[in-house]
Structure formats: structure tokens, C-alpha cells
Amino acid sequence: MGRPSTFTQELADEICQRVSEGRSLRDVCQDEDMPARSTVRLWQAADAEFSAQYARAREAQADKLAEEALQIADDGRSDTYLDAEGNERTDNEVIQRSKLRVDTRKWLASKMAPK
């Protein structure tokens with residue numbers, strides 16, 4: 001059996017659930033039990049109810065990204081380390097990576113839910 005290409009509410013619910021948990025549509029559609037991304041886009045264009053359901057899932061995804069950004073920003077456990085002599089040092093690479101992770105989530109969330 002190939003990948004599903006016929007719309008069912010059960011499949012729509014599963015797609016929206018996965019998206020609302022923070023996965024991108026591209027990632028969800030790479031799963032073998034999911035339709036191609038182009039198929040989902042066609043369903044959105046053809047079905048106003050699914051389109052609205054998917055929009056709500058994207059809002060939930062934006063909320064999750066905002067929560068993750070806050071969690072990353074608040075987590076300073078790896079910001080410092082002990083050098084060979086036992087002195088505490090700031091790990092600027094970790095801090096910069098955390099900043100990038102926060103900024104990326106903020107940017108994505110702003111595109112998903114501009115309000």
C-alpha cells in the first residue's frame with residue numbers, strides 16, 4: 001500500500017496533531033503513513049474546514065515554539081564550565097548557540113502567528 005492520498009478526517013486530525021506538537025508539515029509528510037506535502041496543500045485549498053483546522057494547529061505550533069524559546073533562554077546550565085585548573089569559565093559558544101535557537105524560534109513563531 002502506498003502513501004495515503006485520499007482525505008479523511010482521521011488523517012487530517014493526525015496531521016494537525018503532529019503539527020501542533022511542533023513538527024513542520026515537511027517533517028510530518030516525510031513519515032511513511034502520511035501523504036505528500038503537495039497533497040496536504042491541495043486538501044487545504046479544497047476544504048475550508050481542514051484549512052481552518054490546520055491554521056489552529058499552526059497557532060498551537062507557534063505557542064510551542066514560544067514556550068521552547070523561553071525554556072532555552074532560562075536554561076543556563078551549560079553557560080559555564082570548569083577549566084583544567086578548576087576555574088569557572090563562560091562558554092560563549094554555548095551561549096551563542098542558545099541565542100540562535102531562541103532567535104530562530106521567535107522568528108518562526110512571529111511568521112506563524114503575527115498577532
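That block above? That's the structure.
Residues numbered from 1 in each chain as written. Predicted model: local features only at pLDDT ≥ 70, side-chain atom pairs only at ≥ 80, totals over all residues. Heavy atoms only, no water.

A. A look at the overall build of the chain. Secondary structure summary: the chain contains 5 helices and 2 strands in total. Order of helices (α) and strands (β) in the chain, N terminus to C terminus: α-α-α-α-β-β-α. Whereas a compact globule of 115 residues would reach a radius of gyration of roughly 13 Å, the chain reaches 19 Å, over 25% beyond that. For the chain, the share of sequence-separated contacts (at least 6 apart) that also reach a separation of at least 24 residues comes to 55%. Of the roughly 8,100 Å² that the chain leaves accessible, carbon and sulfur atoms contribute 48%. (Helix = DSSP H or I, 4+ residues; strand = E, 2+ residues; numbered from the N terminus. Rg over C-alpha atoms; globule rule 2.2 N^0.38 Å. Contact = heavy atoms within 4.5 Å. Areas by Shrake-Rupley, 256 points an atom, 1.4 Å probe, with all protein chains shown as cover.)

B. Broad picture of the layout of surface pockets. For the largest pocket, the calculated volume is near 220 Å³. Every residue lining the largest pocket is counted, 14 residues in all, and those nearest its centre are S24, L25, R58, L108 and M112. If you list the elements that add at least two residues to the lining of the largest pocket, you get helix 2 (25-29), helix 3 (37-46), helix 4 (48-74) and helix 5 (92-112). Per-element accounting of the lining of the largest pocket gives the leading share, 4 residues, to helix 4. Here the residues of the lining of the largest pocket sort into 5 nonpolar, 3 polar and 6 charged. Approximately 150 Å³ is the volume attributed to the second largest pocket. (1 Å grid on protein atoms, 1.4 Å probe; cavity = no way out; pocket = protein on both sides within 12 Å on 5 of 7 lines; lining within 4 Å. Points joined across faces, edges and corners; volume = space filled by probe spheres on them. Nonpolar A, V, L, I, M, F, W, Y, C, P; charged D, E, K, R; others polar.)

C. Structural context of the environment of K64. With respect to the secondary-structure elements, K64 resides in helix 4. Apart from residues no more than four positions distant in its own chain, K64 is found in contact with S20, E21 and G22.

D. Structural detail: the environment of G22. Along the polypeptide, G22 turns up in the loop between helix 1 (9-20) and helix 2. C-alpha separation for the pair G22 and S51, spaced 29 residues apart in sequence, amounts to 18 Å. If we skip the residues at most four places from it in the chain, G22 touches Q61 and K64.

E. Summary view of the packing of aromatic side chains. In this structure the tally under the stated criterion is 4 aromatic pairs. Taking the centre distance of 5.6 Å and the plane angle of 65 degrees together, the rings of F7 and F50 count as edge-to-face. Of this pair, F7 sits in the segment before helix 1 while F50 is found in helix 4, placing the two residues 43 residues apart along the sequence. Given the relative accessible area of 27%, F7 is considered partly exposed. When the ring of W43 is compared with that of F50, the centres are 6.4 Å apart and the planes differ by 75 degrees; the resulting orientation is edge-to-face. Neither W43 nor F50 differs from the other in exposure class; each is buried. Through a chain of ring-to-ring contacts, the aromatic side chains of F7, W43, F50 and Y54 assemble into a single cluster. (Phe/Tyr/Trp six-rings, centres within 6.5 Å; stacked < 30°, edge-to-face > 60°. Buried < 20%, exposed > 50% of the residue type's maximum accessible area, 1.4 Å probe, protein only.)

F. View of the environment of S110. Inspection of the secondary structure puts S110 in helix 5. Overall, S110 belongs to the partly exposed group, its relative accessible area being 36%. Placed 45 residues apart in sequence, S110 and L65 show a C-alpha to C-alpha distance of 9.8 Å. Here the side chain of S110 touches W107 through a polar contact of 2.7 Å, landing on its backbone oxygen. (Polar contact = N/O pair within 3.5 Å; in protein donor to acceptor, adjacent residues only side chain to side chain.)

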